[in-house]
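Survey of secondary and tertiary structure
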Amino acid sequence: MPKRVYIETYGCQMNVADSEVVMSILSKAGYTPTSEINDAGLILINTCSIRDNAEQRIWGRLEVFKHLKKKKRDLKIGIIGCMAERLKEKLLEKDQLVDIVVGPDAYRELPSLVAEAEAGHKAVNVLLSREETYADISPVRMDKNGVSSFVSIMRGCNNMCAYCVVPYVRGAERSRNHESIISEVKELFDNGYRDVTLLGQNVDSYKWEEGQSVVGFPELLQKVALVDPLLRVRFSTSHPKDISDELLHTMARHNNICKHIHLPAQSGSSRILKLMNREYSREWYMERVKAIRTILPECALSTDMITGFCTESEEDHKESLSLMEWAGFDFAYMFKYNERPGTRAARKFKDDVPEEIKSARLSEMIALQNKNSAKLKKNDIGMIFDVLIEGISKRSAEYLSGRTSQNKVVVFPRNELSKGCYARILIERTTSATLIGRSI
Ligand code: 5AD
Ligand code: SF4
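Rules behind the numbers
Residues numbered from 1 in each chain as written. Chains lettered and ligands numbered in written order. Predicted model: local features only at pLDDT ≥ 70, side-chain atom pairs only at ≥ 80, totals over all residues. Heavy atoms only, no water. Buried < 20%, exposed > 50% of the residue type's maximum accessible area, 1.4 Å probe, protein only. Helix = DSSP H or I, 4+ residues; strand = E, 2+ residues; numbered from the N terminus. Pairing = 2+ DSSP bridges. Axes fitted to C-alpha atoms, helices over the stretch in contact; angles between N-to-C directions. Core = buried A, V, L, I, M, F, W, Y, C linked by side-chain atoms within 4.5 Å. Contact = heavy atoms within 4.5 Å. Near = heavy atom within 4 Å. Nonpolar A, V, L, I, M, F, W, Y, C, P; charged D, E, K, R; others polar. Domains from an automatic or database assignment. Arc of directions from axis to C-beta. Polar contact = N/O pair within 3.5 Å; in protein donor to acceptor, adjacent residues only side chain to side chain. Areas by Shrake-Rupley, 256 points an atom, 1.4 Å probe, with all protein chains shown as cover. 1 Å grid on protein atoms, 1.4 Å probe; cavity = no way out; pocket = protein on both sides within 12 Å on 5 of 7 lines; lining within 4 Å. Points joined across faces, edges and corners; volume = space filled by probe spheres on them.

Glancing now at the pairing of strand 18 (residues 399-403). Among the five residues that make up strand 18, four are buried, leaving the element largely enclosed by the rest of the structure. As judged from the four bridges shared by strand 17 (residues 384-392) and strand 18, these two strands associate in the antiparallel manner. Across the sheet, residue Leu 388 finds its bridge partner in strand 18, namely Arg 403. The antiparallel hairpin formed by strand 17 and strand 18 contains six residues in its connecting segment. Pairing of strand 18 with strand 19 (residues 409-413), which is carried by five bridges, proceeds in the antiparallel orientation. Considered in strand 19, the bridge of Gly 402 is made with Val 410.

Written out as structure tokens, the structure is:
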């Protein structure tokens, strides 16, 4: 019987990319992937620790796996990723259920750890590394559409945002060799992929040094854009303190670098930003948005916001709302502050905004964002976009679905065009999440 592995992935795009690396490592060790959990001899959960509710979901899943393990005694269960790194051996205590615990920098050890577990021992490796980038590993693509894919360009994070657990679970920042990035992108293109997203916690600080030569992010982005004009290039995430005009000009020069920037503001209050250790002020953020609007007039902008961070007053909250109103984000991910053990905020500040106030502020923020994005979507009616087709629309087999350079989802009546092709679409109407148009 072939050994089958089932991987469930939670959290950010970085974890999606990591699961593909894990699959590559395990396939060399004789495992084949399965999408059917009941066929698996090994179940891995690639986990997220960013907020407590992300971890609670994993505990919930483990309850379900308990039943599977009762039916199949030799089934092995592994927790990998950020929660593995944060909780380490503590994960083994859960009802003798978990066999393997592996942190994000130890995936190369998975075959031997799995073998150890198969021999009946608990297997743990949560060592963080200063060098590991998995540069030489060719990920096994597990995406559904075969058109868009993620490429990891760096790992870890050196920014110490007071609320954030990431530097503790993903270790120090390190960049991947640009040559290995380019060859991965070329391979994707040759296999029919037409949209790649370069991933890092803070892509603007990408830096590959070799002897005298240094490759920074704008140069890397340009190299990727030059792989082929038919390949769309995206990136995530930018940090407002580091995003440079040079990057914006590079984006402007290349039609295939997508005109969308995810620029997490977190708060609109300079006082809160300082407590968060974000290293920029409200004014700095606004200046960066102005630069984007000037250099890239067609660029879409999205953000992350946190409500109810330590000491946040009604006035600070209003400043977050007014920044959102001013910036006109096409999209925003909004969260209530959740204290994470061991972070700077947990050690130094009191989590003193009551839960009801956090919730009320979050609702107010979501309502504002909904209003803003509906307004912005209306502006797209009558516009023409180049849409990269990703497949059949989920709602109706009569429609195709794709995205614009600005990362907006467009659906339009099916025609002879297919996945991976570009279509010129005139937008005729919108729903809350989608633009609807027709091919011209
Ligand atoms: N509480 C709430 N939101 C958080 N984020 C990160 N840490 C926390 C936390 N402790 C949010 C930030 C970040 C996004 C990925 O998650 O907005 O940009
Ligand atoms: Fe991604 Fe952060 Fe969650 Fe880890 S903790 S999976 S880096 S969002």
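Each strand in a sheet pairs with its neighbour through backbone hydrogen bonds, running either in the same direction (parallel) or in the opposite one (antiparallel). The six strands lie next to each other as 2-1-3-4-5-6, forming an open sheet whose pairing is parallel. Looking at which strands have only one partner, the edges of the open sheet turn out to be strand 2 (31-33) and strand 6 (123-125). Each strand axis lies, on average, 20° off the axis of its neighbour in the sheet, ignoring direction. Two strands pair when backbone bridges link them, and strand 1 (residues 3-9) and strand 2 are joined in this way by three bridges, in the parallel orientation.

Grouped together as the largest cluster of nonpolar side chains are 65 residues, with contacts concentrated most on Leu 198, Phe 217, Phe 235 and Ile 261. When near neighbours in sequence (up to four residues on either side) are disregarded, Phe 235 contacts Thr 197, Leu 198, Val 203, Phe 217, Leu 221, Leu 247, Met 251, Ile 257 and Ile 261.

Every residue lining ligand 2 is accounted for by Cys 12, Asn 15, Thr 47, Cys 48, Ser 49, Ile 50, Cys 82, Val 166, Arg 170 and Gln 201. Broken down by class, the residue content of the shell around ligand 2 amounts to five nonpolar, four polar and one charged. Three or more residues apiece are contributed to the shell around ligand 2 by two domains, here domain 1 (3-125) and domain 2 (148-380).

Those residues of helix 4 (residues 110-118) lying buried are Leu 110, Leu 113, Val 114 and Ala 117. Here the buried residues of helix 4 occupy an arc of 100° about the axis, which is enough to place them on one side. Residues of helix 4 that are buried in the fold lie against helix 1 (13-28), strand 2, strand 3 (42-47), strand 4 (76-81), strand 5 (100-102) and strand 6. Where helix 4 ends, the next residue or the one after it, Gly 120, has phi of about 100°, a positive value.

Our focus in this paragraph is unusual backbone geometry. Put simply, Ser 236 and Thr 237 share a cis peptide bond, and its omega is 10°. Within the fold, Thr 237 resides in the loop between strand 13 (232-236) and helix 8 (245-253). Even without glycine at this site, Lys 88 takes up a positive phi of about 45°. Although it is not a glycine, Thr 311 adopts a positive phi angle of roughly 70°. By secondary structure assignment, the location of Thr 311 is in the loop between strand 15 (300-307) and helix 11 (314-327).

Glancing now at the site of ligand 1. Within the structure, ligand 1 sits among Ile 50, Arg 51, Tyr 163, Gln 266, Asp 304, Ile 306, Phe 335, Lys 336, Tyr 337, Asn 338 and Arg 340. The separation between an oxygen atom of ligand 1 and a polar side-chain atom of Gln 266 is 2.6 Å. Taking Asp 304, its side chain carries an N or O atom lying 2.6 Å from an oxygen atom of ligand 1. Contact with the protein chains hides 86% of the accessible area of ligand 1, taken as 410 Å² for the molecule alone. At the level of secondary structure, the elements contributing two or more residues to the shell around ligand 1 comprise strand 15 and strand 16 (331-336). Considered class by class, the residues forming the shell around ligand 1 number five nonpolar, two polar and four charged.

Turning our attention to the domain arrangement of the protein. Domain assignment breaks the protein into domain 1 (3-125), domain 2 (148-380) and domain 3 (384-439). For domain 1 versus domain 3, the separation of C-alpha centres amounts to 36 Å.

Quantified by volume, the second largest pocket comes out at close to 700 Å³. If you go around the second largest pocket, you meet 27 residues; those closest to its centre are Lys 259, Glu 298, Phe 385, Ser 405 and Gln 406. Residue assignment for the lining of the second largest pocket shows that the elements contributing at least two residues are helix 13 (355-380), strand 17 and strand 20 (422-430). In terms of domain composition, the lining of the second largest pocket takes at least three residues from each of domain 2 (148-380) and domain 3 (384-439).

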